[in-house]
Amino acid sequence: METILSLKDLTKKYGALTAVDKLSFTIEKGNVYGILGPNGSGKSTTLGMVLNVVNKTSGEFAWFNGNTDTHEALKKVGAIIEHPNFYPYMTAAQNLALVCKIKDVPKDKIDEKLEIVGLLDRKDSKFRTFSLGMKQRLAIASALLNDPKILILDEPTNGLDPQGIHQIREIIRKIAAGGTTILLASHLLDEVEKVCSHVVIIRNGKKLYSGPVDAINASHGFFELQAKNMKLLQELLIAHPGIENVSEKENIVTAILKEPMDAETINEYLFEKGLSLSYLVKRKESLEEQFLTLTNQTPSA
Ligand SMILES: Nc1ncnc2c1ncn2[C@@H]1O[C@H](COP(=O)(O)OP(=O)(O)OP(=O)(O)O)[C@@H](O)[C@H]1O
(Lines give C-alpha, C1' and ligand atoms only; values in the text may rest on other atoms or scores of the structure.)
Protein backbone atom coordinates (compact mmCIF):
# COMPACT_ATOMS: atom_id res chain seq x y z
CA MET A 1 0.00 0.00 0.00
CA GLU A 2 1.29 3.47 -0.86
CA THR A 3 1.40 5.98 1.98
CA ILE A 4 0.43 9.50 0.98
CA LEU A 5 0.82 11.24 4.34
CA SER A 6 1.78 10.20 7.83
CA LEU A 7 1.60 12.20 11.05
CA LYS A 8 3.53 11.26 14.15
CA ASP A 9 2.80 13.03 17.43
CA LEU A 10 2.04 16.24 15.53
CA THR A 11 1.40 19.03 18.03
CA LYS A 12 0.43 22.71 17.83
CA LYS A 13 0.33 25.00 20.82
CA TYR A 14 -1.01 28.54 20.82
CA GLY A 15 0.40 29.83 24.10
CA ALA A 16 -1.20 27.77 26.85
CA LEU A 17 -3.72 26.19 24.46
CA THR A 18 -2.82 22.88 22.83
CA ALA A 19 -4.86 22.98 19.62
CA VAL A 20 -3.44 19.69 18.27
CA ASP A 21 -2.09 17.20 20.77
CA LYS A 22 0.30 14.45 19.63
CA LEU A 23 -1.82 13.49 16.65
CA SER A 24 -0.72 10.40 14.70
CA PHE A 25 -2.40 8.79 11.72
CA THR A 26 -1.62 7.59 8.21
CA ILE A 27 -3.30 8.31 4.90
CA GLU A 28 -3.08 5.50 2.35
CA LYS A 29 -3.57 5.94 -1.38
CA GLY A 30 -7.06 5.56 -2.80
CA ASN A 31 -9.11 6.06 0.37
CA VAL A 32 -11.37 8.91 1.42
CA TYR A 33 -10.48 10.13 4.92
CA GLY A 34 -12.54 12.34 7.15
CA ILE A 35 -11.13 14.23 10.09
CA LEU A 36 -14.23 14.46 12.24
CA GLY A 37 -14.57 16.55 15.35
CA PRO A 38 -16.66 19.30 16.93
CA ASN A 39 -15.88 22.97 16.31
CA GLY A 40 -12.51 23.98 17.71
CA SER A 41 -11.21 20.42 17.94
CA GLY A 42 -8.13 21.18 15.84
CA LYS A 43 -9.11 20.02 12.36
CA SER A 44 -8.13 23.17 10.46
CA THR A 45 -4.93 23.54 12.47
CA THR A 46 -3.97 19.97 11.53
CA LEU A 47 -4.59 20.61 7.85
CA GLY A 48 -2.71 23.93 8.13
CA MET A 49 0.37 22.21 9.54
CA VAL A 50 0.61 19.50 6.88
CA LEU A 51 0.10 22.18 4.21
CA ASN A 52 2.86 24.34 5.68
CA VAL A 53 0.67 27.35 6.43
CA VAL A 54 0.74 26.78 10.20
CA ASN A 55 4.05 26.11 11.95
CA LYS A 56 4.05 22.93 14.01
CA THR A 57 5.20 23.06 17.62
CA SER A 58 6.51 19.49 17.72
CA GLY A 59 6.09 16.06 16.14
CA GLU A 60 6.51 15.06 12.55
CA PHE A 61 4.65 14.66 9.31
CA ALA A 62 5.90 13.14 6.09
CA TRP A 63 4.47 13.29 2.59
CA PHE A 64 4.77 10.37 0.17
CA ASN A 65 6.72 8.00 2.43
CA GLY A 66 9.06 10.81 3.40
CA ASN A 67 10.81 10.58 0.04
CA THR A 68 9.90 14.11 -1.01
CA ASP A 69 10.46 17.37 0.88
CA THR A 70 7.31 19.24 1.83
CA HIS A 71 7.76 22.01 -0.74
CA GLU A 72 8.00 19.53 -3.63
CA ALA A 73 5.30 17.27 -2.17
CA LEU A 74 2.79 20.11 -1.97
CA LYS A 75 2.97 20.46 -5.77
CA LYS A 76 1.18 17.09 -5.86
CA VAL A 77 -1.51 18.21 -3.40
CA GLY A 78 -4.74 20.03 -4.20
CA ALA A 79 -6.17 21.89 -1.23
CA ILE A 80 -9.01 24.24 -0.38
CA ILE A 81 -8.65 25.37 3.20
CA GLU A 82 -9.87 28.95 2.95
CA HIS A 83 -12.59 30.76 1.06
CA PRO A 84 -11.80 30.49 -2.63
CA ASN A 85 -10.26 33.66 -3.99
CA PHE A 86 -11.34 34.32 -7.55
CA TYR A 87 -11.75 37.53 -9.53
CA PRO A 88 -15.47 38.43 -9.61
CA TYR A 89 -15.44 40.10 -13.03
CA MET A 90 -13.57 37.29 -14.75
CA THR A 91 -15.30 34.17 -16.06
CA ALA A 92 -14.83 30.71 -14.56
CA ALA A 93 -12.51 29.73 -17.43
CA GLN A 94 -10.50 32.97 -17.15
CA ASN A 95 -10.06 32.48 -13.41
CA LEU A 96 -8.85 28.91 -13.94
CA ALA A 97 -6.50 30.06 -16.72
CA LEU A 98 -4.88 32.35 -14.18
CA VAL A 99 -4.49 29.47 -11.75
CA CYS A 100 -2.90 27.39 -14.54
CA LYS A 101 -0.36 30.16 -15.05
CA ILE A 102 0.44 30.35 -11.32
CA LYS A 103 0.68 26.57 -10.94
CA ASP A 104 2.50 26.21 -14.27
CA VAL A 105 0.10 23.64 -15.67
CA PRO A 106 -1.29 23.48 -19.23
CA LYS A 107 -4.59 25.27 -19.88
CA ASP A 108 -6.03 22.26 -21.67
CA LYS A 109 -6.98 20.83 -18.26
CA ILE A 110 -9.57 23.55 -17.69
CA ASP A 111 -12.51 21.99 -19.55
CA GLU A 112 -11.80 18.54 -18.13
CA LYS A 113 -11.91 19.84 -14.54
CA LEU A 114 -14.96 22.05 -15.14
CA GLU A 115 -16.72 18.98 -16.49
CA ILE A 116 -15.93 17.01 -13.29
CA VAL A 117 -17.55 19.69 -11.12
CA GLY A 118 -20.50 20.18 -13.48
CA LEU A 119 -19.61 23.73 -14.53
CA LEU A 120 -18.51 23.24 -18.13
CA ASP A 121 -21.69 24.86 -19.45
CA ARG A 122 -21.03 27.87 -17.22
CA LYS A 123 -17.38 28.31 -18.14
CA ASP A 124 -17.99 31.71 -19.73
CA SER A 125 -20.12 33.07 -16.88
CA LYS A 126 -18.58 35.64 -14.61
CA PHE A 127 -17.58 34.40 -11.16
CA ARG A 128 -19.74 37.03 -9.46
CA THR A 129 -22.86 35.46 -10.96
CA PHE A 130 -22.15 32.11 -9.29
CA SER A 131 -24.05 30.71 -6.33
CA LEU A 132 -22.09 29.70 -3.22
CA GLY A 133 -22.25 26.06 -4.31
CA MET A 134 -20.94 26.91 -7.77
CA LYS A 135 -18.11 28.94 -6.23
CA GLN A 136 -17.16 25.96 -4.11
CA ARG A 137 -17.30 23.67 -7.13
CA LEU A 138 -15.06 26.07 -9.08
CA ALA A 139 -12.61 25.97 -6.17
CA ILE A 140 -12.55 22.18 -6.42
CA ALA A 141 -11.93 22.38 -10.17
CA SER A 142 -9.08 24.79 -9.45
CA ALA A 143 -7.55 22.46 -6.86
CA LEU A 144 -7.71 19.62 -9.40
CA LEU A 145 -5.89 21.47 -12.20
CA ASN A 146 -2.49 19.98 -11.38
CA ASP A 147 -3.91 16.41 -11.20
CA PRO A 148 -3.09 16.13 -7.48
CA LYS A 149 -2.47 12.78 -5.82
CA ILE A 150 -4.54 13.97 -2.87
CA LEU A 151 -7.33 16.51 -2.56
CA ILE A 152 -7.72 18.24 0.82
CA LEU A 153 -10.96 20.00 1.72
CA ASP A 154 -11.85 21.85 4.92
CA GLU A 155 -15.59 21.72 5.65
CA PRO A 156 -16.46 21.47 1.94
CA THR A 157 -20.22 21.85 2.37
CA ASN A 158 -20.30 24.63 4.97
CA GLY A 159 -23.00 27.18 4.29
CA LEU A 160 -24.49 25.36 1.30
CA ASP A 161 -28.16 24.52 0.80
CA PRO A 162 -29.19 20.83 0.65
CA GLN A 163 -28.91 20.69 -3.13
CA GLY A 164 -25.46 22.31 -3.04
CA ILE A 165 -24.38 19.86 -0.31
CA HIS A 166 -25.59 16.92 -2.40
CA GLN A 167 -23.73 18.14 -5.48
CA ILE A 168 -20.44 18.59 -3.61
CA ARG A 169 -20.72 15.12 -2.06
CA GLU A 170 -21.42 13.57 -5.45
CA ILE A 171 -18.37 15.34 -6.89
CA ILE A 172 -16.18 14.11 -4.03
CA ARG A 173 -17.38 10.56 -4.68
CA LYS A 174 -16.68 10.94 -8.40
CA ILE A 175 -13.15 12.24 -7.78
CA ALA A 176 -12.47 9.41 -5.32
CA ALA A 177 -13.79 6.85 -7.82
CA GLY A 178 -11.19 8.19 -10.26
CA GLY A 179 -8.46 7.10 -7.83
CA THR A 180 -7.62 10.42 -6.13
CA THR A 181 -7.05 10.14 -2.39
CA ILE A 182 -9.19 12.60 -0.41
CA LEU A 183 -8.81 14.10 3.04
CA LEU A 184 -11.64 16.26 4.31
CA ALA A 185 -12.30 17.93 7.61
CA SER A 186 -15.88 18.02 8.83
CA HIS A 187 -17.87 18.44 12.01
CA LEU A 188 -20.75 16.55 10.38
CA LEU A 189 -20.92 12.88 11.20
CA ASP A 190 -23.48 12.39 8.46
CA GLU A 191 -21.09 13.83 5.89
CA VAL A 192 -18.22 11.58 6.93
CA GLU A 193 -20.52 8.56 7.00
CA LYS A 194 -21.82 9.30 3.50
CA VAL A 195 -18.56 10.23 1.81
CA CYS A 196 -15.60 8.71 3.65
CA SER A 197 -14.16 5.21 3.85
CA HIS A 198 -11.96 6.07 6.84
CA VAL A 199 -12.26 8.46 9.76
CA VAL A 200 -10.03 10.09 12.33
CA ILE A 201 -12.16 11.39 15.20
CA ILE A 202 -10.58 14.17 17.27
CA ARG A 203 -11.62 16.17 20.31
CA ASN A 204 -9.56 18.91 21.97
CA GLY A 205 -6.78 18.12 19.48
CA LYS A 206 -6.53 14.50 20.60
CA LYS A 207 -7.27 11.45 18.51
CA LEU A 208 -10.18 9.39 19.86
CA TYR A 209 -10.50 6.89 17.03
CA SER A 210 -9.04 6.18 13.64
CA GLY A 211 -9.98 3.42 11.25
CA PRO A 212 -12.59 2.40 8.72
CA VAL A 213 -15.96 4.16 9.03
CA ASP A 214 -17.65 0.74 9.00
CA ALA A 215 -15.65 -0.52 11.97
CA ILE A 216 -16.84 2.25 14.26
CA ASN A 217 -20.32 0.87 13.84
CA ALA A 218 -19.29 -2.71 14.43
CA SER A 219 -20.40 -2.94 18.05
CA HIS A 220 -22.52 -6.00 18.81
CA GLY A 221 -25.25 -3.96 20.42
CA PHE A 222 -26.93 -4.40 23.80
CA PHE A 223 -29.95 -5.94 25.50
CA GLU A 224 -32.48 -4.11 27.65
CA LEU A 225 -34.08 -6.46 30.17
CA GLN A 226 -36.52 -6.56 33.10
CA ALA A 227 -37.48 -9.30 35.54
CA LYS A 228 -39.18 -9.52 38.91
CA ASN A 229 -35.87 -10.39 40.54
CA MET A 230 -33.64 -7.58 39.21
CA LYS A 231 -30.76 -8.50 41.52
CA LEU A 232 -30.58 -12.08 40.21
CA LEU A 233 -30.97 -10.79 36.65
CA GLN A 234 -27.90 -8.59 37.03
CA GLU A 235 -25.86 -11.35 38.68
CA LEU A 236 -26.64 -13.83 35.92
CA LEU A 237 -25.84 -11.30 33.20
CA ILE A 238 -22.51 -10.37 34.81
CA ALA A 239 -21.64 -14.09 34.95
CA HIS A 240 -22.30 -14.56 31.21
CA PRO A 241 -19.04 -14.65 29.21
CA GLY A 242 -20.60 -12.90 26.18
CA ILE A 243 -21.56 -9.77 28.13
CA GLU A 244 -19.06 -7.07 28.96
CA ASN A 245 -21.01 -4.50 30.92
CA VAL A 246 -24.22 -4.50 32.95
CA SER A 247 -25.94 -1.43 34.35
CA GLU A 248 -29.36 -0.50 35.69
CA LYS A 249 -31.32 2.68 35.13
CA GLU A 250 -35.00 3.38 35.84
CA ASN A 251 -35.69 -0.30 36.49
CA ILE A 252 -34.24 -1.46 33.16
CA VAL A 253 -31.03 -3.44 33.00
CA THR A 254 -28.73 -2.77 30.03
CA ALA A 255 -26.28 -5.51 29.07
CA ILE A 256 -23.62 -4.60 26.49
CA LEU A 257 -22.48 -7.49 24.29
CA LYS A 258 -18.89 -8.33 23.58
CA GLU A 259 -19.78 -10.92 20.94
CA PRO A 260 -22.77 -11.48 18.63
CA MET A 261 -25.77 -12.90 20.51
CA ASP A 262 -29.47 -13.00 19.72
CA ALA A 263 -32.33 -12.42 22.14
CA GLU A 264 -33.42 -16.10 22.18
CA THR A 265 -29.98 -17.20 23.39
CA ILE A 266 -29.95 -14.89 26.39
CA ASN A 267 -33.58 -15.72 27.15
CA GLU A 268 -32.84 -19.48 27.19
CA TYR A 269 -29.72 -18.95 29.34
CA LEU A 270 -31.66 -16.98 31.95
CA PHE A 271 -34.61 -19.39 31.88
CA GLU A 272 -32.26 -22.36 32.50
CA LYS A 273 -30.94 -20.49 35.53
CA GLY A 274 -34.48 -20.16 36.86
CA LEU A 275 -35.23 -16.58 35.84
CA SER A 276 -38.21 -15.48 33.74
CA LEU A 277 -37.98 -12.17 31.94
CA SER A 278 -40.83 -9.68 31.80
CA TYR A 279 -39.11 -7.54 29.15
CA LEU A 280 -36.33 -8.18 26.62
CA VAL A 281 -35.25 -6.15 23.60
CA LYS A 282 -32.05 -6.04 21.57
CA ARG A 283 -30.74 -2.66 20.41
CA LYS A 284 -27.74 -1.27 18.60
CA GLU A 285 -26.31 2.22 19.05
CA SER A 286 -26.43 4.30 15.89
CA LEU A 287 -23.17 5.69 14.57
CA GLU A 288 -24.36 9.09 15.74
CA GLU A 289 -24.83 7.87 19.31
CA GLN A 290 -21.37 6.33 19.25
CA PHE A 291 -19.82 9.53 17.88
CA LEU A 292 -21.55 11.62 20.52
CA THR A 293 -20.35 9.24 23.21
CA LEU A 294 -16.80 9.44 21.87
CA THR A 295 -16.77 13.21 21.66
CA ASN A 296 -18.70 13.53 24.91
CA GLN A 297 -21.45 15.69 23.49
CA THR A 298 -25.08 15.46 24.33
CA PRO A 299 -27.45 14.85 21.44
CA SER A 300 -29.30 17.97 20.34
CA ALA A 301 -33.05 17.79 20.51
N1 LIG B 1 -4.16 31.56 15.18
C2 LIG B 1 -4.65 31.08 16.33
N3 LIG B 1 -4.32 31.64 17.51
C4 LIG B 1 -4.79 31.15 18.68
N5 LIG B 1 -5.62 30.09 18.79
C6 LIG B 1 -5.99 29.49 17.64
C7 LIG B 1 -5.53 29.95 16.36
N8 LIG B 1 -6.07 29.15 15.41
C9 LIG B 1 -6.84 28.24 16.06
N10 LIG B 1 -6.79 28.44 17.39
C11 LIG B 1 -7.48 27.62 18.43
O12 LIG B 1 -7.09 26.28 18.25
C13 LIG B 1 -8.20 25.40 18.50
C14 LIG B 1 -8.43 24.54 17.28
O15 LIG B 1 -8.93 25.34 16.23
P16 LIG B 1 -9.23 24.79 14.77
O17 LIG B 1 -9.69 25.92 13.92
O18 LIG B 1 -8.07 23.99 14.28
O19 LIG B 1 -10.43 23.79 15.04
P20 LIG B 1 -11.46 23.17 14.03
O21 LIG B 1 -11.68 21.79 14.51
O22 LIG B 1 -10.99 23.35 12.64
O23 LIG B 1 -12.76 23.99 14.31
P24 LIG B 1 -13.75 24.75 13.33
O25 LIG B 1 -14.53 23.67 12.67
O26 LIG B 1 -14.56 25.58 14.25
O27 LIG B 1 -12.89 25.55 12.40
C28 LIG B 1 -9.37 26.29 18.86
O29 LIG B 1 -9.47 26.36 20.25
C30 LIG B 1 -8.98 27.64 18.26
O31 LIG B 1 -9.56 28.69 18.99
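About the cut-offs
- Residues numbered from 1 in each chain as written.
- Predicted model: local features only at pLDDT ≥ 70, side-chain atom pairs only at ≥ 80, totals over all residues.
- Heavy atoms only, no water.
- Helix = DSSP H or I, 4+ residues; strand = E, 2+ residues; numbered from the N terminus.
- Buried < 20%, exposed > 50% of the residue type's maximum accessible area, 1.4 Å probe, protein only.
- Contact = heavy atoms within 4.5 Å.
- Areas by Shrake-Rupley, 256 points an atom, 1.4 Å probe, with all protein chains shown as cover.
- Lys, Arg positive; Asp, Glu negative; His and termini not counted.
- Charge placed at Lys NZ, Arg CZ, Asp CG, Glu CD.
- Core = buried A, V, L, I, M, F, W, Y, C linked by side-chain atoms within 4.5 Å.
- Pairing = 2+ DSSP bridges.
- Axes fitted to C-alpha atoms, helices over the stretch in contact; angles between N-to-C directions.
- Near = heavy atom within 4 Å.
- Polar contact = N/O pair within 3.5 Å; in protein donor to acceptor, adjacent residues only side chain to side chain.
- Patch = residues over 30% accessible without salt bridge, like charges linked within 9 Å, V, L, I, M, F, W, Y side chains within 5 Å.
- Salt bridge = Lys/Arg side-chain N within 4 Å of Asp/Glu carboxyl O.
- 1 Å grid on protein atoms, 1.4 Å probe; cavity = no way out; pocket = protein on both sides within 12 Å on 5 of 7 lines; lining within 4 Å.
- Points joined across faces, edges and corners; volume = space filled by probe spheres on them.
- Nonpolar A, V, L, I, M, F, W, Y, C, P; charged D, E, K, R; others polar.
- Phe/Tyr/Trp six-rings, centres within 6.5 Å; stacked < 30°, edge-to-face > 60°.

- The chain is annotated in an unreviewed UniProt entry as ABC-2 type transport system ATP-binding protein from Salegentibacter agarivorans.

### Here's the deal with the overall build of the chain
Link 1 in the chain: Along the chain, the regular secondary structure elements total 11 helices and 13 strands.
Link 2 in the chain: Taking the principal axes of its C-alpha atoms as reference, the chain extends roughly 80 × 45 × 35 Å.
Link 3 in the chain: When burial is assessed residue by residue, the chain has 47% of its 301 residues classed as buried.
Link 4 in the chain: Considering only intrachain contacts with a sequence separation of at least 6, the fraction spanning at least 24 residues in the chain is 66%.
Link 5 in the chain: Entry remark: accessible area of the chain is about 15,700 Å², with carbon and sulfur atoms responsible for 49%.
Link 6 in the chain: Side-chain charges in the chain split into 36 positive and 37 negative, and the spacing between the mean points of these groups amounts to 6 Å.

### What to know about the nonpolar core
Link 1 in the chain: Leu96, Ile110, Leu138, Ile140, Leu151 and Ile182 are the most contacted members of the largest nonpolar core, which has 46 residues in total.
Link 2 in the chain: With seven residues, the top contributor of residues to this core is helix H5 (residues 132-144).
Link 3 in the chain: Ignoring any residue separated from it by four or fewer positions in sequence, one finds Ile182 in contact with Asn31, Val32, Tyr33, Ile150, Leu151, Ile172, Ile175 and Ala176.
Link 4 in the chain: Within the second largest apolar cluster, 26 residues are counted, among which are Val50, Phe61, Ala73 and Ile152.

### Comments concerning the sheet that holds strand E8 (residues 198-203)
Link 1 in the chain: Reading across the sheet, the six strands line up as E5-E6-E7-E3-E8-E9 and stay open at both edges, with mixed pairing between neighbours. Two strands bound the open sheet, and with one partner strand each, they are strand E5 (77-80) and strand E9 (206-212). Here the average twist between neighbouring strands, direction ignored, is 15 degrees.
Link 2 in the chain: Pairing geometry for strand E6 (residues 150-154) and strand E7 (residues 181-186), over five bridges, is parallel.

### Here's the deal with the site of the ligand
Link 1 in the chain: In the neighbourhood of the ligand, the contacting residues comprise Tyr14, Leu17, Ala19, Pro38, Asn39, Gly40, Ser41, Gly42, Lys43, Ser44, Thr45 and Glu155.
Link 2 in the chain: Between the ligand and Tyr14 there is a distance of 3.4 Å, counted from a nitrogen atom to a side-chain nitrogen or oxygen.
Link 3 in the chain: Within the side chain of Thr45, one N or O atom sits 2.5 Å away from an oxygen atom of the ligand.
Link 4 in the chain: Against a free-state accessible area of 630 Å², the protein chains account for coverage of 57% of the ligand.
Link 5 in the chain: Of all the elements in the fold, those that place two or more residues in the shell around the ligand are strand E2 (17-28) and helix H1 (43-50).
Link 6 in the chain: Broken down by element, the shell around the ligand gets its largest block of residues, three residues, from H1.

### Things to note about a negative patch on the surface
Link 1 in the chain: Taken together, Asp262, Glu264, Glu268 and Glu272 make up a surface patch of like negative charges.
Link 2 in the chain: Structurally, Glu264 can be placed in helix H10 (residues 263-272).
Link 3 in the chain: Using a relative accessible area of 52% as the deciding quantity, one classes Glu264 as exposed.

### Side note on unusual backbone geometry
Link 1 in the chain: Phi is positive for Lys22, which is not a glycine, with a value near 50 degrees.
Link 2 in the chain: Counting through the fold element by element, Lys22 comes out in strand E2.
Link 3 in the chain: With a phi angle near 50 degrees, Asn204 is a residue other than glycine that sits in the positive phi range.
Link 4 in the chain: Here Asn204 lies in the loop between E8 and E9.
Link 5 in the chain: Under the relative-accessibility criterion, Asn204 is labelled exposed at 53%.

### What to know about the layout of surface pockets
Link 1 in the chain: In this structure, the largest pocket encloses a volume near 840 Å³.
Link 2 in the chain: Lining the largest pocket are 24 residues, and of these Ala79, Val99, Lys103, Ser142 and Ala143 lie nearest its centre.
Link 3 in the chain: Broken down by secondary-structure element, the contributors of at least two residues to the lining of the largest pocket are E5, helix H3 (92-103) and H5.
Link 4 in the chain: Element by element, the count of residues in the lining of the largest pocket is highest for H3, at five residues.
Link 5 in the chain: Broken down by class, the residue content of the lining of the largest pocket amounts to 15 nonpolar, six polar and three charged.

### Focus: the packing of aromatic side chains
The description of an aromatic ring pair uses the distance of the two centres, along with the angle that the planes make with each other.
Link 1 in the chain: A complete count under the given rule lists three aromatic pairs for this structure.
Link 2 in the chain: Seen from their ring centres, Trp63 and Phe64 are 5.8 Å apart, and the 35 degrees between their planes marks the pair as tilted.
Link 3 in the chain: A centroid spacing of 6.2 Å and a plane angle of 55 degrees characterise the contact between Phe127 and Phe130, whose relative ring orientation is tilted.
Link 4 in the chain: Judged by its relative accessible area of 6%, Phe127 is buried.
Link 5 in the chain: Residue Phe130 is classed as buried on the basis of its relative accessible area, which comes to 6%.

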